[in-house]
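Each chain, letter by letter, is given below.
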Amino acid sequence: MSQADPELLLRELDGWDWELCRRELPAVLPRLLISFQQGSGWLWERHTSGESEDWTEHIRILRILTEMFLPHISLEDVEQSFFSKVLPKTLQFFDKLMCELSSKAKGLSSQSTELCSTVRNLLQAMVQLLATLTGCVRRLCSGQELSLPSIHSLPSSVLCVVKTAFTHCKDSESVYYGHLHLISDLLQSMFKETYSLQKQLMELVDLISIDSASTEDDITYMVSVIHTVLEICSVISNMDHALHANTWKFIIKQSLKHHSLLQCHLKHSDILSGLCKDILLSFDSCLQLAEQMKVSEIQEGTDFRLFQKTVKLCRFFANSLVHYTKEFRACLSDSCSQLHQLFLQIYSKFPPSLYAPEILEIHQDEISQVFLVALDPLITQLLPFSPFMERVLSENLGLPPEQQLPQCLLLLTIMDKLSSQPEEVQTLWNTGKSLSLLSALFLSFQQCCGELSLPVCLPQVLSAGQPAVPITLYHYVCVHLCSFIASTLPSHFPQLERALLEAVLGSSMITSLLAMDSWCFLARYGTAELCAHHVNVIAHLVKAWPSDCSQVPALGVLLRRMLFLMAPEHQVEFAGEFPPEELENLAVWQHVSLRALSPDLRARVASQLCSAGLGRCRQWLNGGRALGGLPPVNTALSALLAACSSADAPLEAELKTSVLGVLSQFWSFLQAKQVSDEPCLQKTLCLLLHLLEVFIQALDAQLMTQVFALQSSLLQLHPPDHVRLAMLDFLSSMGKVFIPQEAQRQVVPQLSCLFASLLADQTWLIHQHALEAFTHFAEETRHEDVVPWCLNSEEAKNKVVNFLAKTRQVEETREARTERLKQERITWSAQVLKVDGELESTGEPVAKRACHPPSEEQYKAAVGTMEGAVEAVKLLLQKGPPPGWLAVKLEALHAAMATLRDSLR
């Protein structure tokens, strides 16, 4: 055997058989290892001087060591006598080979055949080296358990090679500068060999056994192996589905296998972050493929198969996350934000989100049934986890618009699951830390303005045994909320009642309505005593608060609805608790519909309310009529309205006369300018108009003339919206009455002018209400000749015709409306943040907006009103002689018109 020349030594070994290698191992292996360690530097020097065949020689030496001598080394000795000496030099050679490959690849081109050949030779050497390492690992996978110290150098060295090789494959587009086609076959071989090497190593590591007797170094080493494989995961995430899944399977399996030993050492946040990231990447790929198939209208073929594989990969990741979370939940306090965001991001990209891509229903079902179902158990596992609760119920989440609906749906899912949880878990969520679950839901719900406006629909089973049907978001939330209320433990009722009351009193009208609907469900579902208790509490709140408090109307609506749900005997007790004849209780009864009461109780309460209300009004009318004393009078008028409008039969003649007499006294002193300036008088006017609707058939000519004169004068002063709406309600009721002959000359022109002006109003709410009121009036009135006078322009006529035909002026597509709502939400959110910031910084209320110049439409409306008035006067002149003052009045109007005309010049 040669003692000096390495080449002679290698040639001599070529003829050795298996038995000879085993017998000569003690004598040959040390000399061969020395030759390998010394020769690697020598071989590399020869390579760098141009002798590229030495790459293959180096790999040949490594193959001889691993194939001929490694099988004869015992497991107890293999680390000390073989791996610790061979692997460091192998890694050194691998790194130099990779460095040379990257350097040569920069100049690669199809014209440079010599360089191309060199690069291909380097890649071929890389493939051979990977194959040799794979064989080395395979020889240790005999099926018996291995101790970590016996192969200590192998896993970390092989993982280093695998990570570098996969990284090179991943970066090949940028490394080879568009010349990938010249070496793609060898890159593919390199990927396959690296894949095989990793797979073989994972089988080997699976044979390693560590237990409570293992040293701290062994535990640290195993943790390092898992973390390195995690780094490899981030490299291969977009390269191969099967490889990616198997790599994660290894991480999860090894983490769970050595759970008790590794729990305190693993980087749980990194593992969880990697899983969440890969779930989202795979989910995005599913959506992109589904979107492409919708656009191409091709539901079969390669894209569909790839879509199905990607959905299954999502399911695998979801199951992995569920298993990992189940075992290591106690260690995931720092990862609750990531888990929360995972749910929000997934559901923000999936229907019914406004921000989801357009995909077919069949693809939605596939994703729901395969992936989302697998993710659902994760929520159940996290329910007992306090840090997750604190994250989800945080007051200051600062979520972007696209995540508001997902947050709402997540809270509903938690509500659905909570009833099956132990009492301590229910207590955790129902009491919360900063918010209770119910309060958080109401807060989240009011942020979903775009989804509620569209509205989006969600599937819901409404009857047992029936298929799910799409229902609006409001309906969906209400159904789940009522189900949650029905399962709430009695010990959690204080939190439930507080959350409902806060929502009713909140600034969001739609949220207040949801809370009222839920509260009414509670009143029906619960006991009669509970309903009576809640009604009494609400009534005391209404009575205690000032009438001008902005929250009282919401409480009044709730009180009105819940009185219908009370047992008859409790209604009698309510009337005894709040006697209608006492003036201080009018504040309560003004909100109540007497139709909720039994006939006998209704008649008694109505009579007592009328007596008390009329007494309060007469007291003010006969006194100094100070504006400061008007709020109690408005309360009395409101109670009178509740009594009169809820009566089953017409009021007694004497009582009706008394009411009309009091109303006439109010109209005799009201002046348009004063009403325009005083909000309390505006409320009085609205109540008087609503009361007159009830007694519209009993109005005499004088009172009718006073009413229309005041309205005509007031409209010119641009009263607020609620006053104009009250006017329209009154005008609508005028269709039921025949205007007395002696009042027609004044009332008819004013009636037509009022309708003409309000139909031309630019406020959409007023305009819509005006169309409804005018249509109702035109259908009922006996004064048919008045109808065309109200339509003083072609534009007004067309709008009424379109309204009757239910024709939309502009047909907005669902896509356009969705985009508009998204933009409106952004603007609204920005404005809220701006106002909040100004209030916090200055402590002062926001300044009023500057008045804008009148629009062209406003000028058109005013001129149209003038033209209508002229036409009305012409018609009156045709019917009979004019009064003496008319000529003087027309002359004054003519002068005013001349002044207006001159001002335009």
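What counts and how
The written sequence of each chain sets the order in which its residues are numbered from 1. For a predicted model such as this one, the threshold for reporting local features is a pLDDT of at least 70, and the threshold for listing and counting side-chain atom pairs is 80 or more; totals across whole chains, interfaces and linings nevertheless cover every residue. Processing note: side-chain calculations cover all non-hydrogen atoms of the structure and skip hydrogens and water entirely. One side-chain nitrogen of Lys or Arg within 4 Å of one carboxyl oxygen of Asp or Glu is enough to make a salt bridge. By definition, any uninterrupted DSSP run of H or I lasting at least four residues is a helix, any uninterrupted run of E lasting at least two residues is a strand, and each is numbered from the N terminus. Confidence per residue, as judged by the predictor, is encoded in pLDDT with a range of 0 to 100. The contact criterion used throughout is that any non-hydrogen atoms of two residues lie within 4.5 Å. A pair of Phe, Tyr and Trp rings is counted when the ring centres sit within 6.5 Å of each other, with Trp represented by its six-membered ring. The angle between the planes then sorts it: under 30 degrees is stacked, over 60 is edge-to-face, the rest tilted. Partly exposed describes any residue whose relative accessible area lies between the buried limit of under 20% and the exposed limit of over 50%, with all areas from a 1.4 Å probe on protein chains only and scaled to the type maximum. To form a nonpolar core, buried Ala, Val, Leu, Ile, Met, Phe, Trp, Tyr and Cys residues must be joined to one another through side-chain atoms within 4.5 Å. Expected span of a helix: the number of residues minus one, times 1.5 Å. Polar contacts, as used here, are pairs of N or O atoms within 3.5 Å; protein pairs need one atom able to donate a hydrogen and one able to accept it. Residues neighboring in sequence count only if both atoms are side-chain atoms. Following DSSP output, two strands are said to pair if at least two bridges run between them. Under this scheme, a helix contributes an axis fitted over its contacting stretch, all axes are lines through C-alpha atoms, and angles between N-to-C directions fall in the 0 to 180 degree range. What sets the label is the angle itself: under 35 degrees gives roughly parallel, over 145 gives roughly antiparallel, 65 to 115 gives roughly perpendicular, and the rest give oblique. Here a crossing is taken to be left-handed if its near helix is turned anticlockwise relative to the far helix by less than a right angle, and right-handed if that turn runs clockwise. Each residue is assigned to one class: nonpolar for Ala, Val, Leu, Ile, Met, Phe, Trp, Tyr, Cys and Pro, charged for Asp, Glu, Lys and Arg, and polar for all the others, Gly among them. Disulfides are defined as cysteine sulfur pairs within 2.5 Å.

Describe in detail the pattern of salt bridges, supporting the description with residues and values.
One pass over the full model with this rule turns up 17 salt bridges. K257 serves as the salt-bridge partner of D206, at 3.8 Å between the closest nitrogen and oxygen. Placement of the pair is D206 in helix α8 (residues 184–206) and K257 in helix α10 (residues 241–257), with a sequence separation of 51 residues.

Would you mind going over the confidence of the model for the protein in detail, with residue names and values included?
Mean pLDDT for the protein: 87, with 90% of residues reaching 70 or above. Within the protein, the lowest mean pLDDT, 64, falls on helix α40 (residues 856–879), and the highest, 97, falls on helix α17 (residues 404–418). Of the regions scoring below 50 in pLDDT, residues 40–53 engages in 20 contacts with residues more than four places distant in sequence or in other chains. Between residues 838–852, whose pLDDT stays under 50, and residues either more than four places distant or in other chains, the model counts six contacts.

Would you mind going over the packing of aromatic side chains in detail, with residue names and values included?
Taken as a whole and judged by the stated rule, the model has 19 aromatic pairs. Judged by centre distance (5.7 Å) and plane angle (55 degrees), the rings of F708 and F730 are tilted. With a gap of 22 residues between them, F708 in helix α33 (residues 701–715) and F730 in helix α34 (residues 721–733) connect regions that are remote in the sequence. Residue F708 shares its accessibility class with F730, and that shared class is buried. Among the aromatic residues, ring-to-ring pairing joins F166, F191 and Y195 into one connected group.

So what's going on with the nonpolar core? Residues and values would help.
As a rule of thumb, nonpolar side chains are buried together in soluble globular proteins. One finds F69, I367, F371 and W429 to be the most contacted residues of the largest nonpolar core, which totals 293 residues. Considering each element in turn, this core owes the most residues, 13 residues, to helix α5 (residues 113–138). If we ignore the near neighbours within four places in the chain, the residues touching F371 are I279, F283, V311, C314, R315, A318, I346 and E366.

Lay out helix α12 (residues 268–296) with the relevant residues and their values.
With 29 residues, α12 extends 42 Å between its outermost C-alpha atoms, agreeing within 8% with the 42 Å of an ideal straight helix rising 1.5 Å per residue. One or two positions beyond α12, positive phi appears at E297, with a value near 60 degrees.

Describe the environment of Q341, and please don't skip the residues or the numbers.
Of note, Q341 is situated in helix α14 (residues 336–348). Its relative accessible area of 18% is what places Q341 among the buried residues. With 209 residues separating them along the chain, Q341 and S550 place their C-alpha atoms 37 Å apart. Setting aside anything within four residues of it in sequence, one finds Q341 in contact with R391, L399 and Q403. Of note is the side chain of Q341, whose polar atom sits 3.1 Å from the side chain of Q403.

Hey, could you go over the pairing of strand β1 (residues 457–460) for me, with residue numbers and the actual values?
Every second residue of β1 is oriented toward a common face, the buried set being L458 and Q460 and the non-buried set C457 and P459. Where β1 lies against strand β2 (residues 469–472), four bridges are found, and the strand directions are antiparallel. Within the sheet, the bridge partner assigned to P459 lies in β2 and is P470.

Describe the packing of helix α22 (residues 493–504) against helix α23 (residues 509–525), and please don't skip the residues or the numbers.
In contact at an axis separation of 7 Å, α22 and α23 are set at 140 degrees when each is read in the N-to-C sense. Viewed along their axes, α22 and α23 adopt a mutual orientation that is oblique. Crossing geometry of α22 relative to α23 is assigned as left-handed. On α23, the residues touching F493, L496, L500, L501, A503 and V504 of α22 are T511, S512, A515, M516, S518, W519 and L522. Of the residues belonging to the contact of α22 with α23, the class tally is 10 nonpolar, three polar and no charged.

Can you break down the packing of α33 against helix α35 (residues 741–759) residue by residue, with the values?
Between α33 and α35, the least distance of the axes is 9 Å, while the angle of their chain directions is 30 degrees. By crossing handedness, the relation of α33 to α35 is classed as left-handed. Residues A701, M704, T705, F708, A709, Q711, S712 and L715 of α33 form the contact with α35, whose own contacting residues are E742, A743, Q746, V747, Q750, L751, L754, S757 and L758. Here the contact of α33 with α35 is composed, by residue class, of 10 nonpolar, six polar and one charged.

Go over the state of the cysteines with me, naming the residues and quoting the values.
Inspection of the entire model under this criterion finds zero disulfides. No disulfide involves C286; its sulfur sits 3.8 Å from that of C314, the nearest cysteine. For C286, a relative accessible area of 1% corresponds to the buried category.

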